[in-house]
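Fold and geometry: a report
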Amino acid sequence: MMKYVARQFWVGFAMASLLGGGVRTQEGSAAGKESGVTTVIEDVTLISPERKAPLEHASVVIRERKIVEIGTKLAVGPNVKRIDGRGKFLIPGLIDSHVHAGDLTPLDDDGSDAHPELVQALRAQVPRAFLAFGFTTVVDLNPYGDALQQLSAAPIHPTFFHCGPGVRVPGGYTALRPPKDAEAAKRMNIVYDKALAKDWPANLDPKDFTPERAVERAAADGAICVKTFFEPGFGGVFHWPVPSAETLAEIRAEAKKRGLVLVVHATGVEGWRAAMDAQADVIAHGLWHWPGDRKETAPTPEAKEVVHAAARAGIYVQPTMQVVYGDASIFDRSILDDPRLGKSLPRSVIAYLKSDEGKKAWQATADQYKGAILKAFGTPPMEPLKAMAIAPARVMATTRLLQAAGGKLLFGSDTPPGGGIGNPFGLNERIELEHWAEAGVPLAQILRAATLDNAVAFGIVKDRGTIEVGKRADLLLLGADPLKTIKAYDSIERIFVGGRDVRPDELLPVN
C-alpha cells in the first residue's frame, strides 16, 4: 500500500515545535444533473470582501458553474431553481492556502497496514471534509505522489492547487535521509547549495540539481507556487542544514521568472529573516521559536523586532496556529469526543482511534514526546500538557503583535500535519478560524484573509475569492452573519461547488 508521507517526519515536526505529473489545478466537481440548470439565490445578504458593505436583498444567478448576474431587482424567468435566502448570508467559498491533503496523519503506519479499509474510508472523506467546513479551494504546499489526482477523482471535491515538490537541501528538514539515486533525488526535489558542498551526495551530479532545475520540476508538475524550507532545527532542538542566502535568492529569481509564488517554511526568527531577505511572497508559518528561555512564552525583543520587520516588509504570513495547538492531542484525546469530528473522519476511523489498538499506537508517540520534553527542559520532568502549551501561547502572542502592527495575515492551516489526531481535515480549518478571532483579528479581516487575500496572494483571483459576475460559483449560504460572530461558520446551510448545490449532510462520511 502506498504511503503518502514518512510519518516520522511529521512526528518530528510536532515534537520539535513544542520544544522551542500534476495539473495546474484539479477543479472541484460541478458535474451532474444541475450543471445545466439556472439557479437563483434570492433575497439574501451578500457579503463579499471587495465590497465596502454587504448588499442586502440581493439575488445571485448561477449558470454553467459561474455567477452570471447579481442585483437587487433582477427579472428571473420561471424555469429556474429558486433558493430562498431571506435572513441568510452568502459569502465566497473559503480558501485554505496551506494544506497537505495526501497525509493521512490520524492513522499510524501500523494501523494503515493492518486496516486498508480504514485508509480507503479516510481517503474518501478528505475532499468531502474540506467542503463540509466551507473550504471550496485548497492549496497543497508539498503534494505527495499522486495524492491530489486520487482526491480529485472523488465525485465531489474542492479545487486543488499546489506548489509541486518542495525544494530542499540534502540532510535538511524534510530531506533528512539521503536519496538512493538521481531519480529519488529528483522526486525529493533536492537542490545543490555551494555552501553545503561537503555534504553533497557523491552519486549525484550537481548540474542536475541547480535552483533552476528544482523550480523547473515544480513548474512542470503544474504548480502555481514553489515552497522551500528554512528550518535549522526548531529552536536548537535539532541542527539541520538550511539553504544559503545565495541559493534562496536563486530560487526566488527562478520562481519570479515563471510567475510562481515563493513560499518559505519558517517558524523562528532566523527563518523569518531569511524569508524576508529572499523577498519571499509568503512565510508559511507563524513565529514560535526564538533564542532564550524555552519555557518563556512572552516574545523577546528579538522576536518583536522580526514581527515588526515582517509587517513593514508587507510579506504575507500564515500563522497556522492550530497546527501547534493540535499537538496537545498527543496527551489530551478529548477531540475524539468533539461532535464536529464526525464531519471530518468516518465513524470506523474514530472507533479505531478509540480502540485499544489505536490507543497503543498513540501511546508510543506520547512516549517519544515525553523523552523529547525531558531532553528540552531537563529535570524535574515538565508536565506534558504544560510543555505542549508553550508553542501555542507563543504563536498566539506573535500573531497578535503582527495584527497590531498591520501585518498581512493569510489564512492557512497546515492541515493535517502533527504528531497525532489533533489536526483533522476540515475541522482543523474551523478551529484555526476560532484562533484568529481569539487573537483579535477583526471578523471582516478573517473573511477576507480566507477568500480574497488568499486568491490574490496565490494568483487565482481571476475566478475565485469574491462574489462577482463571471467568477466560479463557489459559495456558502450561512444562517448567521460572519461579520458579527465567528460561530457563523458553524451555520453552513448550503455549499455551492462550481454551481453545484450541496447540503452539509450530503458530505458526511459514508460508513
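Residues numbered from 1 in each chain as written. Predicted model: local features only at pLDDT ≥ 70, side-chain atom pairs only at ≥ 80, totals over all residues. Heavy atoms only, no water.

**A look at the packing of helix α3 (residues 116–132) against helix α11 (residues 347–354)**
Note the threshold: A fitted line through C-alpha atoms represents every axis, and for helices the fit uses only the stretch in contact; the resulting angles, taken between N-to-C directions, go from 0 to 180 degrees. A run of DSSP states H or I qualifies as a helix once it reaches four residues; a run of E qualifies as a strand once it reaches two. Both are numbered from the N-terminal end. Note on terminology: angles under 35 degrees are roughly parallel, angles over 145 are roughly antiparallel, angles of 65 to 115 are roughly perpendicular, and the others are oblique. What makes a crossing left-handed is the near helix being turned counterclockwise from the far one by less than a right angle; a clockwise turn instead makes it right-handed. Any two residues whose heavy atoms approach within 4.5 Å are treated as being in contact.
Closest axis-to-axis distance for the α3/α11 pair is 9 Å, and the angle between their directions is 130°. Between α3 and α11, the crossing angle belongs to the class labelled oblique. Regarding α3 and α11, the two cross each other, and that crossing is left-handed. Two secondary-structure elements touch here, α3 through Leu118, Ala121 and Leu122 and α11 through Ser348, Val349 and Tyr352.

**Observations concerning the environment of His157**
Heads up, the rule is: In the analysis that follows, any N or O atom pair within 3.5 Å is treated as a polar contact, provided that within protein one partner can donate a hydrogen and the other can accept it, and provided that, for residues neighboring in sequence, both atoms belong to side chains.
Turning to its location among the elements, His157 is positioned in the loop between α4 (147–152) and β8 (159–162). C-alpha separation for the pair His157 and Ala404, spaced 247 residues apart in sequence, amounts to 36 Å. Here Ser152 takes part through its backbone oxygen, which lies 3.0 Å from a polar atom of the side chain of His157.

**So, the side chain of Thr105**
Filter applied, for reference: Using a 1.4 Å probe on the protein chains alone, a residue whose accessible area is under 20% of its type maximum counts as buried, one over 50% counts as exposed, and one in between counts as partly exposed.
For Thr105, the location among the structural elements is in the loop between β6 (94–99) and α2 (109–114). The class for Thr105 is buried, based on a relative accessible area of 1%. A polar contact of 2.5 Å, which involves the side chain of Thr105, links it to the side chain of Asp103.

**Here we look at the packing of helix α8 (residues 269–277) against helix α9 (residues 301–313)**
As a reminder, the rule being used: Asp, Glu, Lys and Arg are counted as charged, while Ala, Val, Leu, Ile, Met, Phe, Trp, Tyr, Cys and Pro are counted as nonpolar; the rest, among them Gly, fall into the polar class.
Where α8 meets α9, the axes come as close as 10 Å, and the angle between the chain directions of the two elements is 25°. With respect to each other, α8 and α9 are oriented roughly parallel. Both α8 and α9 take part in a crossing whose hand is left-handed. Residue-level inspection shows Val269, Trp272, Arg273 and Met276 of α8 in contact with α9, the latter providing Glu302, Ala303, Glu305, Val306, Val307, Ala309, Ala310 and Ala313. Here the residues of the contact of α8 with α9 sort into nine nonpolar, no polar and three charged.

**Brief notes about the pattern of salt bridges**
In a structure, side chains of opposite charge can pair up when their charged atoms sit close to one another. Convention followed: The rule for a salt bridge is simple: a side-chain nitrogen of Lys or Arg has to be within 4 Å of a carboxyl oxygen of Asp or Glu.
According to the stated counting rule, one finds 24 salt bridges in the structure shown. A salt bridge links Arg448 to Asp453; its shortest N-O distance comes to 2.9 Å. According to the relative accessible area criterion, Arg448 is partly exposed, its value standing at 33%. A relative accessible area of 15% places Asp453 in the buried class.

**Looking at the sheet that holds strand β10 (residues 261–265)**
Counted only if it meets this: Criterion used throughout: strands pair if DSSP finds at least two bridges between them.
Pairing is parallel in the open sheet, where five strands are placed in the order β9-β10-β11-β12-β13. Only two strands of the sheet have a single partner each, and these edge strands are β9 (225–229) and β13 (408–409).

**What about the packing of aromatic side chains?**
Test applied: Stacked, tilted and edge-to-face are the three classes applied to pairs of Phe, Tyr and Trp rings, where Trp contributes its six-membered ring and a pair requires centres within 6.5 Å; stacked means planes under 30 degrees apart, edge-to-face means over 60, and tilted covers the rest. Note on geometry: a ring has a charge over it if NZ (lysine) or CZ (arginine) is within 6 Å of the ring centre and within 35 degrees of the ring normal.
Evaluated as defined, the whole model comprises 11 aromatic pairs. An angle of 90° between the planes, with centres 5.2 Å apart, marks the rings of Tyr192 and Trp200 as edge-to-face. Ring centres of Phe234 and Trp240 lie 5.7 Å apart, and the angle between their planes is 85°; this geometry places the pair in the edge-to-face category. Chaining the aromatic ring pairs together yields one cluster made of Tyr173, Phe229, Phe234, Phe238 and Trp240. In this arrangement the basic side chain of Lys408 is found over the ring face of Tyr316, its NZ or CZ atom lying 4.1 Å from the centre.

**Digging into the nonpolar core**
Just so we agree on the cut-off: What makes a nonpolar core is a set of buried Ala, Val, Leu, Ile, Met, Phe, Trp, Tyr and Cys residues whose side-chain atoms join them at distances within 4.5 Å.
Among the nonpolar cores identified, the biggest contains 105 residues, and Leu94, Phe130 and Trp272 are the most heavily contacted of them. Among the nonpolar cores identified, the runner-up in size contains 17 residues, and Val139, Val261, Leu410 and Ala457 belong to it.

**Here we look at the sheet that holds β8**
Strand order in this open sheet of three strands is β6-β7-β8, and the pairing throughout is parallel. What marks the edges here is a single partner per strand, and that holds for β6 and β8. The sheet shows a mean angle of 20° between the axes of neighbouring strands, direction not considered. Sheet analysis places strand β7 (residues 135–140) next to β8, joined by four bridges and oriented parallel. For Val139, the partnering residue across the bridge sits in β8 and is Phe161.

**A look at unusual backbone geometry**
What is expected of a backbone is that most residues other than glycine have negative phi and most peptide bonds are trans. The amide bond that connects Thr379 to the next residue, Pro380, takes the cis arrangement and shows omega of 0°. Along the polypeptide, Pro380 turns up in the loop between α12 (356–377) and α13 (384–388). Residue Pro416 is bonded to the preceding Thr415 through a cis peptide linkage, with omega at 0°. Residue position: Pro416 is located in the loop between β13 and α15 (427–438). We note that Asp43 has phi near 55°; this positive angle belongs to a residue other than glycine. Secondary-structure assignment places Asp43 in strand β1 (residues 39–46). In this structure Asp43 comes out as partly exposed when scored by relative accessible area, which is 28%. Notably, His57 is not glycine yet its phi reads approximately 55°, a positive angle. By secondary structure assignment, the location of His57 is in strand β2 (residues 55–63).

**Description of α11**
The α-helix advances 3.6 residues per turn, and as a result positions three or four apart in sequence lie on the same side. Basically, it comes down to this: The directions considered for the arc run from the helix axis to the C-beta atoms.
What α11 keeps buried is the set Val349, Ile350, Tyr352 and Leu353. Viewed along the axis of α11, the buried residues span an arc of 160°, placing them on a single side of the element. Contacts from the buried residues of α11 go to α2, α3 and α12.

**Some remarks on α9**
Rules: Each residue after the first adds 1.5 Å to the expected span of a helix.
If you check α9, its first and last C-alpha atoms are 18 Å apart, about what 13 residues at 1.5 Å a residue would give, namely 18 Å. Among the residues of α9, Ala303, Val306, Val307, Ala309, Ala310 and Ala311 are the ones counted as buried. Where α9 is buried, its residues meet α8 and α14 (390–404). Backbone geometry just after α9 places Gly314 at a positive phi near 70°.

**Examining the confidence of the model for the chain**
For the record, the criterion: Here pLDDT means the predictor's own confidence in every residue, given as a number from 0 to 100.
Here the chain shows a mean pLDDT of 92. Residues at 70 or above account for 92%. This stretch, residues 1–25, has a pLDDT under 50; its non-local contacts, to residues over four places away or in other chains, come to 101 contacts.

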